[in-house]
Amino acid sequence: MEQTSVQKLARVLRVMVVAIFAGNIFALFLVPGLVTLGELGEEWQHLFQMGSDPHEPLSPVVFLLIMWPEVFRHIPQGFGNQYVVLTLFLLLCGICTAVILWQGKRVLDTILKGNPFVMDNAKSLKTAAICCFLIAGAAFLRLIWGFVYYQSIAPLLTYNALFVPIFLMAGLLCMVMSALFRQAAELKAENDLTI
């Protein structure tokens, strides 16, 4: 059976989604290290020398992975520490993004099978919408935290201010698409019963 142009496009998109998903998961492990780099300053040079040979530095990936404890060292300071807040925000956004990508992969899989109008797609899009709303909510909370922490309106000029409307709209779009897929799946089920 020859594939339609939509299925060919879905195959390409699926490869891209899986690659981005894998990159996202890999990047999640590096987030605490990247955030902590901003705090360490010159201390990072010492940490790069922690390999077995003092003249052979650690690889950047290993260095970023060993930085997890550095972030957790600041957790007792709570949300007054900008590195803890940024790390938690980025981890939440990264996890939600991974879930969104996985749901997109699931939808593309049904398109590749030639049967996109199923209830599973409606559920996948609803899950993606919830994740979009979580990112928008986390960005809004971080924006409010920024107003309090910096005692300025400067956080309005950051990506957090953009995340709120963008992910709210993305969540609403996913909810509309979920309703459309649910309706199409119900109509398809009724048509299958009448035949």
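Residues numbered from 1 in each chain as written. Predicted model: local features only at pLDDT ≥ 70, side-chain atom pairs only at ≥ 80, totals over all residues. Heavy atoms only, no water.

Side note on the overall build of the chain
Along its length, the chain carries seven helices and zero strands. Starting at the N terminus and ending at the C terminus, the chain contains elements arranged as α-α-α-α-α-α-α. Nonlocal contacts in the chain, meaning residues at least 24 apart in sequence, comprise 73% of its contacts between residues at least 6 apart. (Helix = DSSP H or I, 4+ residues; strand = E, 2+ residues; numbered from the N terminus. Contact = heavy atoms within 4.5 Å.)

Here we look at the packing of helix α6 (residues 119-150) against helix α7 (residues 159-194)
Two numbers describe how α6 lies on α7: the axes approach to 7 Å, and their chain directions differ by 165°. Put simply, α6 runs roughly antiparallel to α7. Crossing geometry of α6 relative to α7 is assigned as left-handed. (Axes fitted to C-alpha atoms, helices over the stretch in contact; angles between N-to-C directions. Parallel < 35°, antiparallel > 145°, perpendicular 65-115°, else oblique. Left-handed = near helix turned anticlockwise from the far one by under 90°.)

A closer look at the packing of helix α5 (residues 82-112) against α6
Between α5 and α6, the least distance of the axes is 9 Å, while the angle of their chain directions is 165°. It follows from the interaxial angle that α5 and α6 lie roughly antiparallel. Crossing of α5 over α6 shows left-handed handedness. Counted by class, the contact of α5 with α6 contains 20 nonpolar, seven polar and three charged residues. (Nonpolar A, V, L, I, M, F, W, Y, C, P; charged D, E, K, R; others polar.)

Quick look at the side chain of Ser124
Residue placement: Ser124 occurs in helix α6. Discounting residues that sit within four places of it in the chain, Ser124 has contacts with Gln103, Arg106 and Val107.

Topic: α7
The end-to-end C-alpha distance of α7, which contains 36 residues, comes to 52 Å, matching closely the 52 Å that a straight helix rising 1.5 Å per residue would cover. Of all the residues in α7, the buried ones are Asn160, Ala161, Val164, Phe167, Gly171, Cys174, Ser178, Phe181 and Ala185. Contact partners of the buried residues in α7: α5 and α6. (Expected span 1.5 Å × (residues − 1). Buried < 20%, exposed > 50% of the residue type's maximum accessible area, 1.4 Å probe, protein only.)

Section: the nonpolar core
The nonpolar side chains of a soluble globular protein tend to be buried with one another. Ranked by size, the top nonpolar core spans eleven residues in total: Phe89, Cys93, Cys96, Cys131, Cys132, Ile135, Ala136, Ala138, Ala139, Val164 and Phe167. Put simply, the parts of the chain that give this core at least two residues each are α5, α6 and α7. Broken down by element, this core gets its largest block of residues, six residues, from α6. Not counting the four nearest positions on each side in its chain, Cys93 is found in contact with Ile135 and Phe163. (Core = buried A, V, L, I, M, F, W, Y, C linked by side-chain atoms within 4.5 Å.)

Observations regarding the confidence of the model for the chain
On average, residues of the chain score 85 in pLDDT, and 78% of them are at 70 or above. Across the chain, element-level confidence peaks in α6 with a mean pLDDT of 95 and bottoms out in helix α2 (residues 43-48) with 55. (pLDDT = per-residue confidence, 0-100.)

A short note on the pattern of salt bridges
For the structure on display, the rule yields three salt bridges. Between Asp109 and Arg14 there is a salt bridge, and its shortest N-O distance comes to 2.4 Å. In this pair, Asp109 is assigned in helix α5 and Arg14 in helix α1 (residues 5-40), connecting sequence segments 95 residues apart. Residue Arg14 is classed as partly exposed on the basis of its relative accessible area, which comes to 27%. Notably, a salt bridge pairs Lys188 with Asp192, separated by 3.5 Å at the nearest N-O pair. Remark: Asp192 and Lys188 occur in helix α7; sequence separation between them is four residues, near one turn of the helix. Residue classification places Asp192 among the partly exposed residues on the basis of a relative accessible area of 47%. (Salt bridge = Lys/Arg side-chain N within 4 Å of Asp/Glu carboxyl O.)

Quick notes on the state of the cysteines
Under the counting rule described, the total for this entry stands at zero disulfides. Considering cysteine sulfurs only, Cys96 is the nearest to Cys93, which forms no disulfide, with 6.7 Å between them. You can see Cys132 has no disulfide; the closest cysteine sulfur is in Cys174, sitting 4.7 Å from it. Note on Cys132: relative accessible area 4%, which makes it buried. (Disulfide = S-S within 2.5 Å.)

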